[in-house]
Amino acid sequence: MVTRWFRLAAAILVIAAGFVPPAASISTQATSSDPGEQPPPPQTSSGHNGMPALLAVVGGTLIDGTGADPIPDSAIIIEGDRIKAAGPRRQIRIPPGAIPIDATDLTVIPGLIDVHVHLIEGIDVRSFLEHGVTSVRHLGDTTLPWITGLKKRIESNEIAGPRIFHCGLFVVSEPPLKPEIYPPEALDRFMVMRSPADAPAIVRRLLEAGADVVKVKMEMSPESLRAIGVAAAEARIPMTFDSGGDTGDYDAVTAFDAGARGIEHLSGINFSDPAATEAALRKMIAVGAFADPTFMVLERTYSEDRIAAREEFIRRFVAMGGTVVAGSDVPVRGIMPGHGLHQEMARLVKAGLTSRQALMAATGAAARALGYQGIVGTIEAGAYADLVIVHGDPIREISAAEKIVRVLKGGREVHPFPEEAVSPGEPQFR
Ligand SMILES: [Zn+2]
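1. Let's talk about unusual backbone geometry
As a rule of thumb, non-glycine residues mostly have phi less than zero, and peptide bonds are mostly trans rather than cis. Following Val330, the chain continues into Pro331 via a peptide bond in cis, with omega recorded as 0°. Here Pro331 shows up in the loop between strand 16 (323-324) and helix 11 (339-351). One non-glycine residue, Asp329, lies in the positive phi region at around 65°. For Asp329, a count of 25 C-beta atoms within 10 Å puts it in the buried group.

2. Considerations on the sheet that holds strand 1 (residues 54-58)
The 4 strands lie next to each other as 4-3-1-5, forming an open sheet whose pairing is mixed. Two strands lie at the open edges of the sheet, namely strand 4 (82-88) and strand 5 (99-102), each paired on one side alone. Strand-to-strand twist in this sheet, taken as the mean axis angle between neighbours without regard to direction, amounts to 15°.

3. Overview of helix 11
Relative to the 18 Å expected for 13 residues at 1.5 Å per residue, helix 11 spans 18 Å between its end C-alpha atoms, a close match to the ideal helical length. Every buried residue of helix 11 is accounted for by Gly340, Leu341, His342, Glu344, Met345, Arg347, Leu348 and Ala351. Looking at the buried positions of helix 11, the neighbouring elements they touch are strand 7 (112-117), strand 8 (133-138), helix 9 (295-298), helix 10 (304-319), strand 16 and helix 12 (355-361). One or two residues past the end of helix 11 sits Gly352, with phi positive at roughly 130°.

4. A word on the sheet that holds strand 13 (residues 239-241)
Note on sheets: strands pair through backbone hydrogen bonds, and any given pair is parallel or antiparallel. With parallel pairing, the 7 strands of this open sheet are ordered in space as 11-10-12-13-14-15-16. With one partner strand each, in any of the chains shown, strand 11 (190-193) and strand 16 form the two edges of the open sheet. Here strand 14 (residues 262-264) pairs with strand 15 (residues 290-292) via 3 bridges, running parallel. By the bridge assignment for strand 15, Ile263 is matched with Ala291.

5. Digging into the confidence of the model for the chain
Chain-level pLDDT for the chain is 87 on average; 84% of the residues reach the 70-or-more range. Across residues 1-45, confidence stays below pLDDT 50; counting only partners more than four residues off in sequence or on other chains, it has 68 contacts. This model gives residues 420-430 a pLDDT under 50, and the stretch forms 16 contacts once residues within four places in sequence are excluded.

6. Quick word on helix 8 (residues 274-287)
Counting along an α-helix, one turn takes 3.6 residues, and residues three or four places apart therefore face a common direction. Helix length check: helix 8 (14 residues) gives 20 Å between terminal C-alpha atoms against 20 Å at 1.5 Å per residue, within 8%. Those residues of helix 8 lying buried are Thr277, Ala280, Leu281 and Met284. Projected down its long axis, helix 8 shows its buried positions confined to an angular sector of 100°, all on one face. Opposite its buried face, helix 8 presents the exposed residues Ala275, Glu278, Arg282 and Ala286, each directed more than 90 degrees away. Where helix 8 is buried, its residues touch helix 7 (252-257), strand 15 and helix 10. Gly288 sits one or two positions beyond helix 8 and adopts a positive phi of about 70°.

7. A few points about the packing of helix 5 (residues 199-208) against helix 6 (residues 222-234)
Across the interface, helix 5 lies against helix 6 with an axial gap of 8 Å and an inter-helix angle of 50°. Judged by the angle between their axes, helix 5 and helix 6 are oblique. In this structure, the crossing between helix 5 and helix 6 has a hand that is right-handed. Contact with helix 5, carried on its side by Ala199, Pro200, Ile202 and Val203, involves Ala227, Ile228, Val230, Ala231 and Ala232 of helix 6 and no other residues of that element. Here the residues of the contact of helix 5 with helix 6 sort into 9 nonpolar, no polar and no charged.

8. Comments concerning the pairing of strand 10 (residues 170-173)
Every second residue of strand 10 is oriented toward a common face, with Phe170 and Val172 on one face and Val171 and Ser173 on the other, all of them buried. The pairing of strand 10 with strand 11 spans 4 bridges and is classified as parallel. Looking at the pairing, Phe170 lines up with Phe190 of strand 11.

9. What about the environment of Pro70?
Along the chain, the position of Pro70 falls in the loop between strand 2 (61-62) and strand 3 (74-79). Exposure remark for Pro70: the 18 C-beta atoms within 10 Å place this residue in the partly exposed category. Here the alpha-carbon distance between Pro70 and Pro88, two residues 18 residues apart in the chain, equals 9.9 Å.

10. Things to note about the nonpolar core
Among the nonpolar cores identified, the biggest contains 120 residues, and Ile76, Ile228, Ala361 and Ala366 are the most heavily contacted of them. Setting aside residues up to four positions removed in sequence, Ala366 forms contacts with Ile113, Val115, Val325, Ala326, Ala361 and Gly377.

Parameters at a glance
- Residues numbered from 1 in each chain as written.
- Predicted model: local features only at pLDDT ≥ 70, side-chain atom pairs only at ≥ 80, totals over all residues.
- Helix = DSSP H or I, 4+ residues; strand = E, 2+ residues; numbered from the N terminus.
- Buried ≥ 20, exposed ≤ 12 C-beta atoms within 10 Å, placed from the backbone.
- Pairing = 2+ DSSP bridges.
- Axes fitted to C-alpha atoms, helices over the stretch in contact; angles between N-to-C directions.
- Expected span 1.5 Å × (residues − 1).
- Contact = placed C-beta atoms within 7 Å.
- pLDDT = per-residue confidence, 0-100.
- Arc of directions from axis to C-beta.
- Parallel < 35°, antiparallel > 145°, perpendicular 65-115°, else oblique.
- Left-handed = near helix turned anticlockwise from the far one by under 90°.
- Nonpolar A, V, L, I, M, F, W, Y, C, P; charged D, E, K, R; others polar.
- Core = buried A, V, L, I, M, F, W, Y, C linked by C-beta atoms within 7 Å.

Set out below in structure tokens:
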């Protein structure tokens, strides 16, 4: 009887959410001219009679991603693709007709955000969802048509994948561009500034392509860096940078003075110079920088000493009130989509963050770094209904964030697939 109820509830949920089994990965689905490929059924987040689907996730411990304390015995009301209400169950009115999702003895956390990925051709985007990563920030290394096309195919549910926020193209400036890094045939992955005067037009083109962030690479003259920073600030689009190591083409303080508010790989900080390190730390606190240390990828190339210096830096940064965000740099150096973010969160804990801070780094804090706070990364009224139901308590032990029972993105179940969710003998919910 119980199993039957679950099958029924799951079936209703599937219908209500307009579920379609997603493609395994873009590598197998990338060309729409594949023979035999069926056009996807129309997708809506509507339920019966065109009314938005209503779901109620009840009984779980809610960690809402805002930094607030966990709420035991919570209720989250989802209408269509958005959260309508969330809080203690006794304070939330559960609308009649809402489809229940029982989260008793489980924890509900926001869909996770990986702030540093490269969605290059062939990457398994569905794997992000399987690991609870419902949003990613793509920081370049593809062409514009590729990334905008992928985003569109995910938004239309042709492909199952995370929400994509992106930089469009890497921004670099001339001269000189090293041909081994910038071969002429690969220049369509870069936005090349030929003079500082190009900056407003470049930012405009990136915005027209739907960019959410300006990503500045290492090869930049200080003049171009300042000009692009001004143009980005005027367009109200955040800027982040990778200056290419400890002593790159420009240092972190120069980048923050130019308007950057994100720092990738802790680049541009000369850790062998205590005064320079101190200056970078103070500047980052002063401007409210978001630090994306990407420890996972750094420790694949850096010595233990160099990693230890960065861990110490991050501990001091956090102690001074700085905000750390979690980026995996997938698929660089074999890092896996989805799982890589959990590894990075664990790595942040190893570096000295609490599990709660590490979870924030991939939820509420990550959303602020993206400039999409209240829209993703938190479970609150008005935000997208992106949530992950897990076993255990991720703010006590961060690895619990990967003990995934169920993932919803925009109010629709994206993992596991409903068939699996009700597989005989393995009821997921009581
Ligand atoms: Zn990267």
